[in-house]
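In case you want the letters, here they are:
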Amino acid sequence: MARKRRYWLLKSEPSAFSFEDLLASPKKTTLWDGVRNYQARNMLRDDLQPGDGILFYHSNAKPPGVVGVAEVVCAGYPDPTQFDPSDGHFDPKSDPLNPRWFVVDVRARGALTELLSLETLKGVSKLDEMALLQRGQRLSVQPVSPAEWREVLRLGGRKDLV
DNA sequence: GCCAACGTTGGC
DNA sequence: GCCAACGTTGGC
């Protein structure tokens, strides 16, 4: 039996890479590079699988919030930017034979009908346990439960993308 | 292995 | 720009 589909929240600063940028990318797809946190790396490398659902979150935005829905296209593979000295994410300590950092490819499915702000999400009791809303969390890759996924898409007016 | 200093994230 | 909450680094 196939593995159950899982759900994730990915954060991006829209000034660096926005959901609109993803929609405008070839095949609405890009590699999710530049993650340099081990917990987030472990999820990219081990847990995200093709077909998994993604909530696209804008951090450091006005206001911050979930803006769109995407999906995982392929399982984790080494982040090419770690080996590129001209890239801001270059990591001279990473061994090409034993890469330290990983990416997945993600493809946009569609924007929410309107931005679901962090403030709005905080007011939804069904989302009390959501990783995003827990004190002190900063991970740029976070798990989302099936119930949270359904609720966010319902609030975002995109039940068609559940 | 401890922990102080430093760096980063990200809401506000 | 502030700063809380982490994560990382490096001396010991």
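Counting from 1, residues in each chain are numbered in the order their sequence is written. Just so you know, chain letters begin at A and ligand numbers begin at 1, following the order they were written in. Owing to the predicted nature of the model, reporting of local features is limited to residues with pLDDT of at least 70; listing and counting of side-chain atom pairs is limited to 80 or more, with chain, interface and lining totals taken over all residues. To get the side-chain values, take all heavy atoms of the structure and skip hydrogens and water.

Requested: an account of the packing of aromatic side chains, with residues and values cited.
Each Phe, Tyr or Trp ring (for Trp, its six-membered ring) is paired with any other whose centre lies within 6.5 Å, and the angle between the two planes then decides the class: stacked below 30 degrees, edge-to-face above 60, tilted in between. For the coordinates displayed, the defined rule picks out five aromatic pairs. For the pair Phe 19 and Phe 56, a centre-to-centre distance of 5.1 Å together with 70° between the ring planes defines the contact as edge-to-face. Of this pair, Phe 19 sits in helix H1 (residues 19–23) while Phe 56 sits in strand S3 (residues 53–58), and the two are 37 residues apart along the sequence. Both residues of the pair, Phe 19 and Phe 56, belong to the buried class. Taken together, the ring pairs in this structure connect Phe 17, Phe 19, Trp 32 and Phe 56 into an aromatic cluster. Helix and strand definitions follow DSSP, with helices as H or I runs of at least four residues and strands as E runs of at least two, each counted in order from the N terminus. Only protein chains enter the accessibility calculation, which uses a 1.4 Å probe; a residue is then buried when its area is under 20% of its type maximum, exposed when over 50%, and partly exposed in between.

Lay out helix H4 (residues 146–155) with the relevant residues and their values.
Taken as a whole, H4 has its buried residues at Glu 148, Trp 149, Glu 151, Val 152 and Leu 153. In this analysis, two residues are considered to be in contact whenever any of their non-hydrogen atoms come within 4.5 Å of each other. Where the residues of H4 are buried, they touch strand S1 (7–12), S3, strand S4 (65–78), strand S5 (102–117), helix H3 (118–122) and strand S6 (141–144). A positive phi of about 75° marks Gly 157, the residue just after H4.

Provide a residue-level description of the pairing of S3, including the pertinent values.
In the case of a regular strand, side chains alternate between the two sheet surfaces. Counting buried residues along S3, six of its six residues qualify, which places the element largely inside the surrounding structure. Of the two faces of S3, the one lined by Gly 53, Leu 55 and Tyr 57 and the one lined by Ile 54, Phe 56 and His 58 are each fully buried. At least two DSSP bridges between two strands are required for those strands to pair. In the sheet, S1 pairs with S3 via six bridges, with the strands oriented parallel. What sits directly across from Tyr 7, in S3, is Gly 53. Pairing of S3 with S4 involves six bridges; the strand directions are antiparallel. Within the sheet, the bridge partner assigned to His 58 lies in S4 and is Gly 65.

Mind laying out unusual backbone geometry, listing which residues take part and the relevant values?
Cis rather than trans, the peptide bond between Lys 62 and Pro 63 has omega equal to -5°. Along the chain, Pro 63 falls in the loop between S3 and S4. Backbone geometry at Lys 27 places phi at a positive 60°, although glycine is not the residue there. In this fold, Lys 27 is placed in the loop between H1 and strand S2 (29–31).

How would you explain the sheet that holds S6 if you had to name every residue and give the values?
In sheet architecture, strand pairing relies on hydrogen bonds along the backbone and comes in two forms, parallel and antiparallel. Pairing within the open sheet is mixed, and its six strands lie in the order S2-S5-S4-S3-S1-S6. Whereas interior strands pair on both sides, the edge strands pair on one side only; in this sheet they are S2 and S6. Pairwise comparison of adjacent strand axes, ignoring direction, gives a mean angle of 35° for this sheet. Note on method: axes are straight lines fitted to C-alpha atoms, helices fitted across the in-contact stretch only, with angles between N-to-C directions ranging 0 to 180 degrees. Packed on one face of the sheet, H4 meets S1, S3, S4, S5 and S6 and runs near 60° to S3.

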